[in-house]
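Inside the fold
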Amino acid sequence: MRIDIFTLFPEWFGWFFQQRHLTNAIQAGSLQVRLFNYRDYTPLKHGQVDDTPSGGGAGMVIRVDVVCAALEAVYGTDCSTLREQRPVYVLSPRGRRLDEEMVCELAELEELTLLSGRYEGIDARVSEHIATGEISIGDYVLSGGELPAMVVMDAVARRLPGALGSEESARWESFSAETGGAPEHPQYTRPAEFRGWKVPEVLLSGNHAEIERWRRENRG
Ligand code: SAM
(Lines give C-alpha, C1' and ligand atoms only; values in the text may rest on other atoms or scores of the structure.)
Protein backbone atom coordinates (compact mmCIF):
# COMPACT_ATOMS: atom_id res chain seq x y z
CA MET A 1 0.00 0.00 0.00
CA ARG A 2 1.24 3.49 -0.75
CA ILE A 3 0.18 6.37 1.51
CA ASP A 4 0.76 9.95 0.35
CA ILE A 5 0.42 12.73 2.90
CA PHE A 6 0.03 16.38 1.99
CA THR A 7 0.89 18.77 4.80
CA LEU A 8 2.39 22.15 5.63
CA PHE A 9 4.52 20.52 8.34
CA PRO A 10 6.29 17.45 6.95
CA GLU A 11 8.86 17.65 9.75
CA TRP A 12 6.19 16.41 12.20
CA PHE A 13 6.52 12.93 10.67
CA GLY A 14 10.28 12.40 11.13
CA TRP A 15 10.09 10.59 14.46
CA PHE A 16 6.94 8.70 13.51
CA PHE A 17 8.44 7.17 10.38
CA GLN A 18 11.27 5.69 12.44
CA GLN A 19 8.91 3.61 14.57
CA ARG A 20 9.30 -0.14 14.41
CA HIS A 21 5.99 -1.30 12.93
CA LEU A 22 6.25 1.25 10.14
CA THR A 23 9.86 0.43 9.31
CA ASN A 24 8.92 -3.28 9.46
CA ALA A 25 6.07 -2.80 6.99
CA ILE A 26 8.25 -0.63 4.74
CA GLN A 27 11.07 -3.20 4.78
CA ALA A 28 8.57 -6.01 4.13
CA GLY A 29 7.44 -4.06 1.04
CA SER A 30 3.83 -3.79 2.20
CA LEU A 31 4.00 -0.04 2.88
CA GLN A 32 5.39 2.97 1.07
CA VAL A 33 4.96 6.49 2.42
CA ARG A 34 5.52 9.83 0.71
CA LEU A 35 5.26 13.34 2.12
CA PHE A 36 4.40 16.45 0.13
CA ASN A 37 4.38 20.06 1.31
CA TYR A 38 1.58 22.16 -0.22
CA ARG A 39 3.93 25.14 -0.07
CA ASP A 40 6.34 23.52 -2.54
CA TYR A 41 3.61 23.59 -5.21
CA THR A 42 1.77 26.86 -4.57
CA PRO A 43 1.10 28.95 -7.68
CA LEU A 44 0.92 32.07 -5.44
CA LYS A 45 3.69 34.54 -4.70
CA HIS A 46 5.88 34.36 -1.60
CA GLY A 47 4.88 30.78 -0.80
CA GLN A 48 1.33 31.80 0.12
CA VAL A 49 -0.96 28.84 0.84
CA ASP A 50 -3.85 30.30 2.83
CA ASP A 51 -6.23 33.22 2.91
CA THR A 52 -8.85 34.85 5.12
CA PRO A 53 -12.21 33.06 5.55
CA SER A 54 -14.98 33.99 3.12
CA GLY A 55 -17.60 35.89 5.10
CA GLY A 56 -15.02 37.10 7.59
CA GLY A 57 -13.86 35.77 10.93
CA ALA A 58 -10.66 34.81 12.64
CA GLY A 59 -7.86 32.66 11.26
CA MET A 60 -6.80 31.52 7.84
CA VAL A 61 -8.03 28.82 5.46
CA ILE A 62 -5.84 26.69 3.15
CA ARG A 63 -6.73 27.61 -0.42
CA VAL A 64 -8.36 25.23 -2.89
CA ASP A 65 -6.11 26.38 -5.76
CA VAL A 66 -3.03 25.56 -3.68
CA VAL A 67 -4.27 22.07 -2.78
CA CYS A 68 -5.28 21.46 -6.39
CA ALA A 69 -1.87 22.61 -7.68
CA ALA A 70 -0.07 20.26 -5.28
CA LEU A 71 -2.25 17.28 -6.27
CA GLU A 72 -1.92 18.00 -9.99
CA ALA A 73 1.86 18.33 -9.75
CA VAL A 74 2.21 15.04 -7.87
CA TYR A 75 -0.35 12.96 -9.78
CA GLY A 76 -0.20 14.66 -13.18
CA THR A 77 -3.97 14.64 -13.51
CA ASP A 78 -6.80 17.20 -13.29
CA CYS A 79 -7.65 17.52 -9.59
CA SER A 80 -11.40 17.48 -10.34
CA THR A 81 -11.16 13.91 -11.67
CA LEU A 82 -8.59 12.67 -9.16
CA ARG A 83 -11.09 10.93 -6.89
CA GLU A 84 -12.17 8.74 -9.80
CA GLN A 85 -8.62 7.41 -9.90
CA ARG A 86 -7.57 7.16 -6.25
CA PRO A 87 -8.98 7.55 -2.73
CA VAL A 88 -8.27 11.04 -1.40
CA TYR A 89 -9.33 11.88 2.16
CA VAL A 90 -9.33 15.23 3.93
CA LEU A 91 -8.58 15.02 7.65
CA SER A 92 -11.30 17.03 9.33
CA PRO A 93 -13.31 17.06 12.57
CA ARG A 94 -16.39 17.06 10.29
CA GLY A 95 -15.46 13.72 8.73
CA ARG A 96 -16.58 10.13 9.20
CA ARG A 97 -15.34 8.96 12.57
CA LEU A 98 -12.41 6.56 12.27
CA ASP A 99 -13.18 3.13 13.71
CA GLU A 100 -11.95 -0.41 13.19
CA GLU A 101 -14.35 -0.97 10.29
CA MET A 102 -12.97 2.03 8.46
CA VAL A 103 -9.38 1.06 9.29
CA CYS A 104 -10.00 -2.34 7.68
CA GLU A 105 -11.52 -0.68 4.59
CA LEU A 106 -8.51 1.64 4.28
CA ALA A 107 -6.03 -1.20 4.80
CA GLU A 108 -7.49 -2.94 1.73
CA LEU A 109 -6.55 -0.02 -0.52
CA GLU A 110 -3.51 -0.05 -2.79
CA GLU A 111 -3.13 3.72 -2.55
CA LEU A 112 -4.35 6.36 -0.13
CA THR A 113 -3.93 10.14 -0.14
CA LEU A 114 -4.40 12.08 3.11
CA LEU A 115 -4.83 15.85 3.06
CA SER A 116 -3.83 17.46 6.30
CA GLY A 117 -5.28 20.84 7.26
CA ARG A 118 -4.07 23.64 9.54
CA TYR A 119 -5.40 26.92 10.90
CA GLU A 120 -9.19 27.06 10.23
CA GLY A 121 -8.93 24.08 7.90
CA ILE A 122 -8.98 23.52 4.15
CA ASP A 123 -11.39 25.34 1.80
CA ALA A 124 -14.52 23.16 1.72
CA ARG A 125 -14.40 22.95 -2.10
CA VAL A 126 -11.57 20.44 -1.68
CA SER A 127 -13.96 18.07 0.11
CA GLU A 128 -16.83 18.93 -2.23
CA HIS A 129 -15.04 18.58 -5.58
CA ILE A 130 -11.70 16.83 -5.14
CA ALA A 131 -11.73 14.41 -2.21
CA THR A 132 -13.40 11.03 -1.81
CA GLY A 133 -14.38 11.85 1.76
CA GLU A 134 -13.33 13.26 5.11
CA ILE A 135 -11.90 11.39 8.11
CA SER A 136 -12.22 12.52 11.71
CA ILE A 137 -10.32 10.87 14.54
CA GLY A 138 -12.83 12.04 17.15
CA ASP A 139 -15.00 14.86 18.36
CA TYR A 140 -12.29 17.25 19.48
CA VAL A 141 -10.13 19.74 17.63
CA LEU A 142 -6.39 19.39 17.14
CA SER A 143 -4.20 22.12 15.74
CA GLY A 144 -3.48 20.27 12.52
CA GLY A 145 -4.11 17.14 10.50
CA GLU A 146 -0.61 15.76 11.06
CA LEU A 147 -1.47 13.78 14.20
CA PRO A 148 -4.74 12.53 12.66
CA ALA A 149 -2.74 11.41 9.58
CA MET A 150 -0.37 9.52 11.88
CA VAL A 151 -3.30 7.95 13.73
CA VAL A 152 -4.79 6.73 10.45
CA MET A 153 -1.42 5.46 9.25
CA ASP A 154 -0.59 3.75 12.52
CA ALA A 155 -3.90 1.92 12.65
CA VAL A 156 -3.72 0.95 8.97
CA ALA A 157 -0.03 -0.03 8.97
CA ARG A 158 -0.41 -2.54 11.81
CA ARG A 159 -2.86 -4.42 9.59
CA LEU A 160 -0.31 -4.76 6.79
CA PRO A 161 1.85 -7.87 6.38
CA GLY A 162 5.17 -7.66 8.20
CA ALA A 163 4.28 -4.70 10.44
CA LEU A 164 3.91 -6.58 13.71
CA GLY A 165 6.11 -9.31 15.14
CA SER A 166 3.17 -11.68 15.17
CA GLU A 167 0.25 -11.79 12.73
CA GLU A 168 -1.74 -13.38 15.57
CA SER A 169 -1.54 -10.28 17.74
CA ALA A 170 -3.03 -8.17 14.94
CA ARG A 171 -5.87 -10.65 14.43
CA TRP A 172 -6.82 -11.10 18.08
CA GLU A 173 -7.26 -7.49 18.99
CA SER A 174 -9.96 -5.24 20.32
CA PHE A 175 -12.78 -4.67 17.79
CA SER A 176 -11.60 -7.50 15.51
CA ALA A 177 -13.90 -10.17 14.10
CA GLU A 178 -12.15 -12.64 16.44
CA THR A 179 -13.32 -10.71 19.52
CA GLY A 180 -16.78 -10.26 18.02
CA GLY A 181 -16.11 -6.54 17.54
CA ALA A 182 -15.68 -6.02 21.30
CA PRO A 183 -12.65 -4.69 23.18
CA GLU A 184 -10.36 -7.61 24.02
CA HIS A 185 -10.01 -9.10 27.53
CA PRO A 186 -7.71 -7.44 30.10
CA GLN A 187 -4.06 -8.51 29.85
CA TYR A 188 -1.73 -9.40 32.77
CA THR A 189 1.88 -10.52 33.10
CA ARG A 190 4.47 -11.35 35.80
CA PRO A 191 4.73 -10.96 38.72
CA ALA A 192 1.69 -13.06 39.59
CA GLU A 193 1.26 -10.91 42.68
CA PHE A 194 2.37 -7.30 43.26
CA ARG A 195 1.48 -5.44 46.48
CA GLY A 196 -1.31 -7.90 47.03
CA TRP A 197 -2.75 -7.33 43.52
CA LYS A 198 -3.13 -10.73 41.94
CA VAL A 199 -3.34 -11.97 38.38
CA PRO A 200 -6.67 -13.85 38.08
CA GLU A 201 -5.97 -17.42 39.18
CA VAL A 202 -7.52 -19.00 36.11
CA LEU A 203 -4.84 -17.40 33.91
CA LEU A 204 -2.15 -19.25 35.87
CA SER A 205 -4.01 -22.56 35.87
CA GLY A 206 -2.71 -23.87 32.54
CA ASN A 207 -6.29 -24.96 31.73
CA HIS A 208 -6.66 -23.61 28.20
CA ALA A 209 -10.39 -24.19 27.94
CA GLU A 210 -10.99 -22.30 31.21
CA ILE A 211 -8.63 -19.51 30.18
CA GLU A 212 -10.44 -19.15 26.86
CA ARG A 213 -13.79 -19.06 28.67
CA TRP A 214 -12.51 -16.38 31.09
CA ARG A 215 -11.19 -14.30 28.19
CA ARG A 216 -14.50 -14.56 26.34
CA GLU A 217 -16.43 -13.54 29.43
CA ASN A 218 -14.15 -10.59 30.08
CA ARG A 219 -14.36 -8.95 26.68
CA GLY A 220 -15.96 -5.57 26.28
N1 SAM B 1 -11.96 25.24 12.24
C2 SAM B 1 -12.03 23.82 12.32
C3 SAM B 1 -13.24 23.39 13.09
O4 SAM B 1 -13.68 24.12 13.98
O5 SAM B 1 -13.71 22.26 12.83
C6 SAM B 1 -10.79 23.26 13.01
C7 SAM B 1 -9.58 23.29 12.19
S8 SAM B 1 -8.23 22.50 12.97
C9 SAM B 1 -7.63 23.74 14.03
C10 SAM B 1 -7.02 22.41 11.73
C11 SAM B 1 -6.90 21.08 11.04
O12 SAM B 1 -6.61 20.07 11.97
C13 SAM B 1 -8.12 20.58 10.30
O14 SAM B 1 -8.23 21.15 9.02
C15 SAM B 1 -7.86 19.08 10.25
O16 SAM B 1 -7.02 18.75 9.15
C17 SAM B 1 -7.11 18.83 11.53
N18 SAM B 1 -7.95 18.26 12.59
C19 SAM B 1 -8.23 18.84 13.79
N20 SAM B 1 -8.99 18.06 14.54
C21 SAM B 1 -9.22 16.93 13.82
C22 SAM B 1 -9.95 15.75 14.07
N23 SAM B 1 -10.62 15.55 15.20
N24 SAM B 1 -9.95 14.79 13.11
C25 SAM B 1 -9.29 14.98 11.94
N26 SAM B 1 -8.58 16.09 11.65
C27 SAM B 1 -8.54 17.06 12.58
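Above this text sits the structure in question.
Attention here is on the structure that accompanies the text. Counting of residues starts from 1 at the beginning of each chain's written sequence and follows it residue by residue. Side-chain atom pairs in this predicted model are given and counted only at pLDDT of 80 or more, local residue features only at pLDDT of at least 70, and totals for whole chains, interfaces and linings cover all residues. The basis for every side-chain value is the complete set of non-hydrogen atoms in the structure, without hydrogens or water.

**Details of the overall build of the chain**
Scanning the chain for helices and strands turns up 8 helices and 9 strands. Here the globule rule reads 2.2 Å times residues to the power 0.38, and the radius of gyration is calculated from C-alpha atoms. The C-alpha radius of gyration of the chain comes to 21 Å, more than 25% above the 17 Å expected for a compact globule of 220 residues. Along the first, second and third principal axes, the C-alpha set of the chain runs to 70 × 40 × 30 Å. Between two residues, a contact is recorded if the distance between any of their heavy atoms is within 4.5 Å. Counting only contacts in the chain whose residues sit at least 6 apart along the sequence, the fraction spanning at least 24 positions is 72%. Accessible surface is estimated by sampling points in the Shrake-Rupley manner with a 1.4 Å probe; for residues, cover comes only from the protein chains shown. Taken as a whole, the chain presents about 12,400 Å² of accessible surface, with 49% of it coming from carbon and sulfur. Asp and Glu are treated as the negative residues and Lys and Arg as the positive ones, with His and the ends of the chain left uncounted. In this description, the location of a charge corresponds to atom NZ of lysine, CZ of arginine, CG of aspartate or CD of glutamate. Treating the 23 positive side-chain charges of the chain as one cloud and the 33 negative ones as another, the clouds have centres 4 Å apart. Under the scheme used here, helices are H or I runs from DSSP no shorter than 4 residues and strands are E runs no shorter than 2 residues, and both carry numbers assigned from the N terminus.

**What about the packing of aromatic side chains?**
Here is the rule: rings of Phe, Tyr and Trp (six-membered ring for Trp) pair when centre to centre is within 6.5 Å. Planes less than 30 degrees apart are stacked, more than 60 are edge-to-face, and the remainder are tilted. Summed over the entire model, instances satisfying the criterion amount to 7 aromatic pairs. Seen from their ring centres, phenylalanine 16 and phenylalanine 17 are 5.9 Å apart, and the 45 degrees between their planes marks the pair as tilted. Residue exposure (1.4 Å probe, protein chains only): buried if accessible area is under 20% of the type maximum, exposed if over 50%, otherwise partly exposed. We classify phenylalanine 16 as buried; its relative accessible area is 5%. An aromatic cluster is built from Phe6, Phe36, Tyr38 and Tyr75, whose rings are joined through pairwise contacts.

**Considering the sheet that holds strand 2 (residues 32–37)**
Across a sheet, strands are paired by hydrogen bonds formed along the backbone, either parallel or antiparallel in direction. The strand order 2-1-6-5-7 describes an open sheet built from 5 strands, whose pairing is parallel. Since the sheet does not close on itself, it has two edges, and those belong to strand 2 and strand 7 (133–136), each with one partner. Taken over all neighbouring pairs, the strand axes of this sheet differ in orientation by 35 degrees on average, direction set aside. Sheet analysis places strand 5 (residues 88–97) next to strand 7, joined by 5 bridges and oriented parallel. Residue pairing across strands places valine 90 opposite glutamate 134, the latter belonging to strand 7. Along the sheet face, helix 2 (residues 64–75) touches strand 1 (2–7), strand 2 and strand 6 (111–115) and points at about 145 degrees away from the line of strand 1. Each axis is a line fitted through C-alpha atoms, taken for helices only over the stretch in contact, and angles between the N-to-C directions span 0 to 180 degrees. Helix-sheet contacts for helix 6 (residues 146–157) involve strand 1, strand 2, strand 5, strand 6 and strand 7, and the interaxial angle to strand 1 is about 170 degrees. What makes two strands pair is DSSP finding at least two bridges between them.

**Here we look at the state of the cysteines**
Here, the term disulfide refers to a pair of cysteine sulfur atoms separated by no more than 2.5 Å. Taken as a whole, this structure holds 1 disulfide when the rule is applied. One disulfide in the model links cysteine 68 with cysteine 79; its S-S distance is 2.1 Å. Between cysteine 68 and cysteine 79 the sulfur-sulfur dihedral comes to about -90 degrees; the bridge is accordingly left-handed. Taken together, the residues span a long stretch of sequence, with cysteine 68 in helix 2 and cysteine 79 in the loop between helix 2 and helix 3 (82–85) at a distance of 11 residues. Neither residue differs from the other here; cysteine 68 and cysteine 79 are each classed as buried.

Function cannot be inferred from these measures alone, as they are strictly geometric.
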